[in-house]
Structures are given as C-alpha cells and as structure tokens.
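# Structural characterization, general
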Amino acid sequence: MRTDLLKLKVEKRPAHMRFRGRVLLLVDDAELMRRQLAGANFGLTGELRSRLRDQISTDEITPAYICYYFDETLGEFPYLGLKAGGEFPVTRGSVKKGGFVCSVSGKRRGKGSSREQSPYAELMAGIRVVIAENIERIYNENCQNLGVLTSTDFRLIDRIKAGEEIPLTAFTDGVDEITREIIEYGGLFEYNVARLQGKVRLPRVEAQANSEATGASATSSNANANAAANANAGASRLPMTLAEKIFARHWVIDAAQAEFGVPWVKAGDSGFVLTDWRFSHEYVSPMAAIFFEEKLGEDARVTDPGSIIMFRDHLTYLHQVMPQERVQMGLLKVAGQLKDKQEEFAKKQGVIYYGERLGLRLGSEAICHSKMLESYAEPGQLIVGTDSHTPHSGAIGCIAFGVGTTAIFNSWITKDVRVSVPPSFKVIVRGQKPDNVTAKDFMLEILRHPYIRDGQAIGQIIEYAGEAVEALSVDERATMTNMAAEVGAFTGIVAPDAKAVDYLVAERGMERERAEKLCQGLFSDPDASYVKVIEIDATSLRPMVALPGDPGNGLYIDELGDAAIRIDAAYAGSCTAGKKEDMDMYAAVLGAAREQGLRVHPDVRLYIQCGSQEVRQYCEQNGYLALFQEIGAEFIEPGCGACIAAGPGTSARPDEVTISSQNRNFPGRSGPGQLYLASPYTVAASAIAGRIVEWKRGRAIEPLAAAGA
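A brief structural summary. Predicted model only: the values in this text are computed from it and were never measured. (Residues numbered from 1 in each chain as written. Predicted model: local features only at pLDDT ≥ 70, side-chain atom pairs only at ≥ 80, totals over all residues. Heavy atoms only, no water.)

### With respect to the overall build of the protein
Quick reminder of the rule: Put simply, DSSP marks the helices as runs of H or I at least four residues long and the strands as runs of E at least two long, and each gets a number from the N terminus on. Radius of gyration means the value over C-alpha atoms here, while the globule rule gives 2.2 Å times the residue count to the 0.38 power. For every residue, the accessible area obtained with a 1.4 Å probe (protein chains only) is divided by the maximum for its type, and the residue is called buried under 20%, exposed over 50%, and partly exposed between those limits. Pairs of residues are marked as contacts when any of their non-hydrogen atoms sit within 4.5 Å. With residues, only the protein chains shown are counted as cover, and all accessible areas are computed by Shrake-Rupley using a 1.4 Å probe.
In terms of helices and strands, the protein carries 32 helices and 28 strands. Taken over the C-alpha trace, the protein has a radius of gyration of 25 Å; the compact-globule value for 709 residues is 27 Å, and the two agree within 12%. When the backbone C-alpha atoms are referred to their principal axes, the protein occupies close to 75 × 65 × 50 Å. Put simply, the protein has 709 residues, and 62% of those count as buried. Expressed as a percentage of contacts within the protein between residues at least 6 apart in sequence, the contacts between residues at least 24 apart total 75%. Element-wise, carbon and sulfur atoms account for 46% of the exposed surface of the protein, whose accessible area totals about 25,300 Å².

### Comments concerning the sheet that holds strand β4 (residues 129-131)
Using the following cut-off: By this definition, two strands are paired if DSSP reports at least two bridges between them. Angles here are taken between N-to-C directions and fall from 0 to 180 degrees, while the axes themselves are lines fitted to C-alpha atoms, restricted in helices to the stretch in contact.
Pairing is parallel in the open sheet, where 4 strands are placed in the order β2-β3-β4-β5. Looking along the sheet, the strands with just one partner apiece sit at the ends: β2 (22-25) and β5 (149-151). In this sheet, adjacent strand axes meet at a mean angle of 20° when their direction is disregarded. Here β2 pairs with strand β3 (residues 100-104) via 4 bridges, running parallel. Opposite V23, over in β3, you have C102 as the bridge partner.

### Here's the deal with helix α29 (residues 580-596)
Under the convention used in this document: In this scheme, a helix's expected span is set at 1.5 Å multiplied by one less than its residue total.
With 17 residues, α29 extends 24 Å from end C-alpha to end C-alpha; this agrees with the ideal 24 Å at 1.5 Å per step. Along α29, the residues classified as buried are K580, D582, M583, M585, Y586, A587, V589, L590, G591 and A593. Note on α29: the residue one or two positions beyond its end, G597, has a positive phi of about 85°.

### Things to note about the pairing of β3
As a reminder, the rule being used: Handedness rule for crossovers: strands pointing away from the viewer, path from the first strand over the helix to the second running clockwise, crossover right-handed.
In terms of residue burial, β3 counts as a mostly covered element, since 5 of its 5 residues are buried. Bridge analysis of β3 against β4 gives 3 bridges, and the strand direction is parallel. Opposite S103, over in β4, you have V130 as the bridge partner. The parallel pair β3 and β4 is bridged by helix α6 (residues 117-124), and the resulting crossover is right-handed.

### Regarding the packing of helix α15 (residues 285-296) against helix α20 (residues 405-414)
The following threshold applies: Should an angle fall under 35 degrees it is taken as roughly parallel, and over 145 as roughly antiparallel, whereas 65 to 115 is taken as roughly perpendicular and any remaining angle as oblique. Two helices cross in a left-handed way if the nearer one is turned anticlockwise from the farther one by less than a right angle. They cross in a right-handed way if the turn is clockwise.
Remark: α15 packs on α20, axes separated minimally by 9 Å, with the N-to-C direction vectors making an angle of 55°. If you check the angle between α15 and α20, you find them oblique. Crossing angle aside, the handedness with which α15 passes α20 is right-handed. For the pair α15 and α20, contact is made by S285, M287, A288, A289, F291, F292, K295 and L296 and by T405, T406, I408, F409, W412 and I413, respectively.

### Describing the state of the cysteines
Note the following rule: Cysteine sulfurs are considered disulfide-paired once they come within 2.5 Å of each other.
Within the structure shown, the criterion is met by 0 disulfides. With no disulfide of its own, C519 has C398 as its nearest cysteine by sulfur position, at a separation of 9.7 Å. Unpaired in this structure, C619 has its nearest cysteine sulfur neighbour in C610, at a distance of 5.6 Å. Take C619: its relative accessible area is 0%, and that puts it in the buried class.

### Regarding the pairing of strand β25 (residues 605-609)
Burial of β25 is extensive: 4 of the 5 residues sit out of reach of the surface. Where strand β24 (residues 569-572) and β25 come together, 4 bridges link them in parallel fashion. Opposite A569, over in β25, you have R605 as the bridge partner. The pairing of β25 with strand β26 (residues 634-636) spans 3 bridges and is classified as parallel. Within β26, the position partnered with Y607 by the bridge is E634.

### Digging into the nonpolar core
Stated precisely, the cut-off is as follows: Take the buried residues of types Ala, Val, Leu, Ile, Met, Phe, Trp, Tyr and Cys, join any two whose side-chain atoms come within 4.5 Å, and each joined set is a nonpolar core.
In this structure, Y68, I160, F247 and W412 are the most contacted members of the largest nonpolar core, which totals 129 residues. Sort the elements by how many residues they give to this core and α15 lands first, with 7 residues. Counting 43 residues, the second-largest nonpolar core is a separate cluster that includes I557, V615, I631 and Y681.

### Observations regarding unusual backbone geometry
Notably, Q55 is not glycine yet its phi reads approximately 55°, a positive angle. Mapped onto the secondary structure, Q55 falls in the loop between α3 (46-50) and α4 (58-61). A relative accessible area of 18% means that Q55 is categorised as buried. Positive phi outside glycine occurs at R108, with the angle close to 55°. Its location among the elements puts R108 in the loop between β3 and α6.

### Concerning the pattern of salt bridges
Under the convention used in this document: What counts as a salt bridge is simple: a side-chain nitrogen of Lys or Arg found within 4 Å of a carboxyl oxygen of Asp or Glu.
One pass over the structure, following the stated rule, counts 52 salt bridges. Across the pair K266 and D269 runs a salt bridge whose closest N-O atoms are separated by 3.3 Å. When its relative accessible area of 30% is taken as the criterion, K266 is described as partly exposed. R430 is the salt-bridge partner of E535, the closest N and O atoms lying 2.9 Å from each other. One end of the pair, E535, is in strand β21 (residues 532-537); the other, R430, is in strand β18 (residues 424-430), and 105 residues separate them in sequence. Relative accessible area serves as the criterion here: at 35%, R430 is assigned to the partly exposed category.

### As for helix α11 (residues 188-196)
The buried fraction of α11 amounts to 7 of the 9 residues, a majority that puts the element mostly inside the structure. When α11 is considered as a whole, its buried residues turn out to be L188, F189, Y191, N192, V193, A194 and R195.

Function cannot be inferred from these measures alone, as they are strictly geometric.
This is the structure we're talking about:
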C-alpha cells in the first residue's frame, strides 16, 4: 500500500485562486433566503450582517436522515434543516441549482455532530468557500480535509463576488504549518501522500529539538511505554496540563522508524499523534470505506486492524420511526446500505465489530461511546472516533476526540491523526452538591456561561476539576466529558484518581497494580497554563433544564414560573444518560413513585434506553427492568435512537413537548417538537408528574390532572 501511495501524483494548489459563482448569505429570514435561491443577490450590509444566522449546527446543514446518503448525492441536500424565521426555506437541489460558490453565516458555524456529510454536501453542491464569524473545530477540520476553504474574514465576500484573484494565503494566514500545507495540497489525503513521499516534513516541536540537541530520543512504538523515558530525557521539561502530557507521549517523531514521544508539548504545537484506538459507526464508516477504496483500491488493507473498532449503533431502530413518506422516497433502503457496507468492509478488513442483536431482543450490542469506556479506554491513551461525543472516554483520563470521515480513513492508513495542541481551560466545581443535582446539571450550568455561549471555548480542551467533580463516579464524569461536544471543545478530561482505579478493577477485572500504574503521572502540573479558569459553587446549584433550541438555554427549573410545562414524552437514555448510574437514578425516582402508588402519567410516553448490553444486564440483575415495566415505561434495548431522530422517543408534531436526558436539543434533532434537556432525575420525575418538575428525595411527586379529566 505504501508503494502505491509513493506512485500517486499530488501537487499544491495555485498560489492565487479565482472563484466563479454566487455568495449565499444564511440569514434568519425565510423570504430573503428564498429570494437568494431564486436568483437575487444581496450585499452584506450592516443590517444583513446582523441578521446572519448564528449557532448553525451540522444537524441543520444536513439533517440526520440526509446522512443515509454517503456519496455525491449529498450535493442535493445542504441546508435542508436550516431554520430561518421559523421556516425551512431551502429545498432539495436549490443550493446546487443556485450556482453558489461561497456560503456565509455568523457565530459558531458547524456546531454539534462531527458528520463530514455536512461540508461534503456543501462541496458537492458547489460551495468552495465558507465564511463565518467563528467556526467549530471539527467542522472546520472536515472542510480543510475535503478541500473546502474557510475564513473568518468578511472582507473576502466582495472580492469573491467580484471574481477577483485571491491569494491562497488569505485562507492560510494564522494557521499552523501542517494545516497550511493541508490547505495548499487541497486536502488531508493529498497531504499525507506528500508526507509519505517526503515532499513535506513534520515541524519539530521545541521539546523535540532540545531532545535532539542533548541526544535524547524515543524509539518505541508503544507511546505509553515511552512516557517515563521521555519525562527524564535530557531536555528540561515545561509545566504541562494533563492533556499536554498525553499528547507528548503520543507525538509522532518518525512513524516509519517507530519513533514517538517528546518530553513536552505546548498549546499551538502542530504535528501528528499516534492513536491507541480508532472507532467509527455506520453513519460514517461507509463513506470512509468508499474514500479508502477509491484512493487505494479494493484490495488495500488497513493498518493494525486490531486497534480499529466499528459499531452498528446509530440506526438500529430507524425502521420503527421513519415517516412513511420517507420510506416511500426509498430512504429506509438507502439507510440499510449503510449497515451493509460497514459490515462488509469490517469483515473484509478483520477489524473489531459490534453489530446488532436480532430476534426477540432487537438492539445494538452497544453505543460506541459506552463500549469504549466500558471495555477499551485506559488512562493516558489517545482515542479518535467519528462522533463528536468521543470525549466520553476522557472520564478516566484519556485524550479522546472526534474526527471526520477523511481523518478516520487516513488514520486507517497511517494510524496517526493530525493535531494542533489546543489551549486548555479549566472548570473547577467546588463544594458539595445537593443530592438532587447531577453532572448533567453541572453541564447545563457550564453551557450557559458567557465564555461558552459566545464561542470562546471552541476548539479548546476543557479540564474538569474541584472537589465536586472528584466526588462524582466515573459514569457521572463521563456525562461531563461527553458533553464537551456541546461546549464546542476539542475534548473534555478528568484526571484519573482512586475512583478511576476502582472503576478499572470493578468493570474490567484489571489488576489493581496495573490500574494504579496506568494513572501514574496523569495530572496537571501546579503551574500549568490555562487560558481561562471558571469556578462554580456546587452548593448553590439547583436542578436545571435547557429550553428548546440549544443546550446553552439553561434555567433552574424553579425559574420556569408557575405555568406548568406539560409534556407528551420523556426520553431517558442516549450515550450521555444510558450508563449504569443513570439507570440507578431513573430507578430511584420510579421506585419512589411506585411507593406513592403512582405510574407514568397517562398523558406521557416514557422511554428508557440503556447504552450497552452490559448496562442492560445490570438493570436486569437489580430488578430495574421489572420496575420499569410495572411503572409503565417502555424499555428499549441498547442503541442510539431518539437523540438523532432514529428511534422511539422522537416527537412527531411541532406542538409535541419532550423532556430528555440526552446531550443536545438543536432544532429538528429529535423530531419537529419542542425538546427540553434535563438530568435523569428530572426526566423520570417529569414523566410521573406529566409536567417538568425537579425531584427531591423523600418529597412526593404531584401529578397533573390527565387531559380531559
């Protein structure tokens, strides 16, 4: 395969580029959107700039059902989920027919899911340039990897409209050296070919240069084994955060010579890092497989298949909820091809594969994030996955982050991924939390902080600390690292401690001595550098809810006022809230309700879904399955579902109201209705009450009168 790559011809883009096409302003005005799609052109006046859509998620660029396609057909669909003035003005094919070459929006472009289908759909529709006030990390990297140019310079808009020649440096100024060369070569694969052909050299970090000057080097293919040697290398070591220490262990010096690890790295250093695990799921694996086979040939083989995992978890229940009109469009059949292609590729390549269960107990073996934490992730490892919630495994001190389709298929070849070490910020949660406050409430409080809401945390590493975090179980810490995705962070991490050791011993059967050894040295140095420190007083927190539209719309439940917010459905699950301790919380509330003589409110549908077969077994052993059935809940076998509008628990009408313990509530994410986010305690209590309520241990739940009673 390397020989084939050495024969491929790759060249850089020209130093100057001219774009021929129109500029599409993504504004919060349905009529203006329709006029642009019909042929009208508008300048970006002060008024129009103020009306640009902010907070555009990848769910709006390509709604989940669009991602059943995994080829150039995606070019028919960009922005189909874009909400403008409460309407959805973009129709199939309208962007492609409009002849647009540039797309413009406001703050936090591309937040949410890591799906590379979004920029690929834009690319296939003719979009070559994306301009926004700020751009989310994974979406931005996906654009760069595919060859879509991105910028935050609004002055380029008039130059593009005028057909001026624009220097490529307009899109590379201020980026690190590797990103610059990826842009210059027109994509990640082309850059990696050039790297393997010796046309580009990886930049040396300061620590690497110092090590070479003193004669220190690392030559082991085991990054963790290198850590101690590098820490004692001749170069004096800078203070580092926990994340920086893990990056340093995995830093690629020379992959061909199996040289990895440097004494230190710092924010801004760019290079490649060796991965311990690479995983993907059926939403992404098929497109990655097609890219892999198109670039390398049908007979090409992945590198180290034993460290690659594929999951059938996202669409197991799709057939139960897909609207009939979409079935008639052939979308269920298209979605089935995702499963078939992934399964075929996984079998051919000999990678680890978690499929679905058939028969009476339909469901997945596990949600990818749940299984990675339960069975694979270890403290100090570096993990990449094709999902924005990959940081889940940071709960035990891993660097785990989401990557797109192009990055994952490249990693199948090289086993490494590019990275520019992000700056870190720390959230310290002090004090002792109230009994009915959970990690989910911590996150809803963090997400409404101006630093996060204004997009300042985009692409940074969030390190959680403080006695309130230390008091959390690993499952609860995983809720916080999982939702680093909603922060817009690169990843989230918690330093591994005695609780992490206990988790590895209890859940993995790991020898305690080995678990303790894995955690050695995995802490941030006292004088490590952070760009921001946010402190939260856990004692002052109360149960929270995020209002529909964005996880950052957090309020304390008691701030909702006297008007009862009736609900039609409650969904308890997802990778964020389908863990063992989440099940303990649902059971605590529902068990107390049973003692009151209550059941699920007659106007409410309650769905409970766990994250893996292991969690299901835990529920069965503890009598939770019987409790859930008795109380009137519908238990769903493991898998993704309502969180991505692909399983029971989604809304069917715009007027339906759902409360959910999942991670995000962007428009259309879980159906057309109004979606509130809350903790497992709140979701279960609200299902009993028929309205959004907080729960307090020992206090009775007061149900609303049933409709029509």
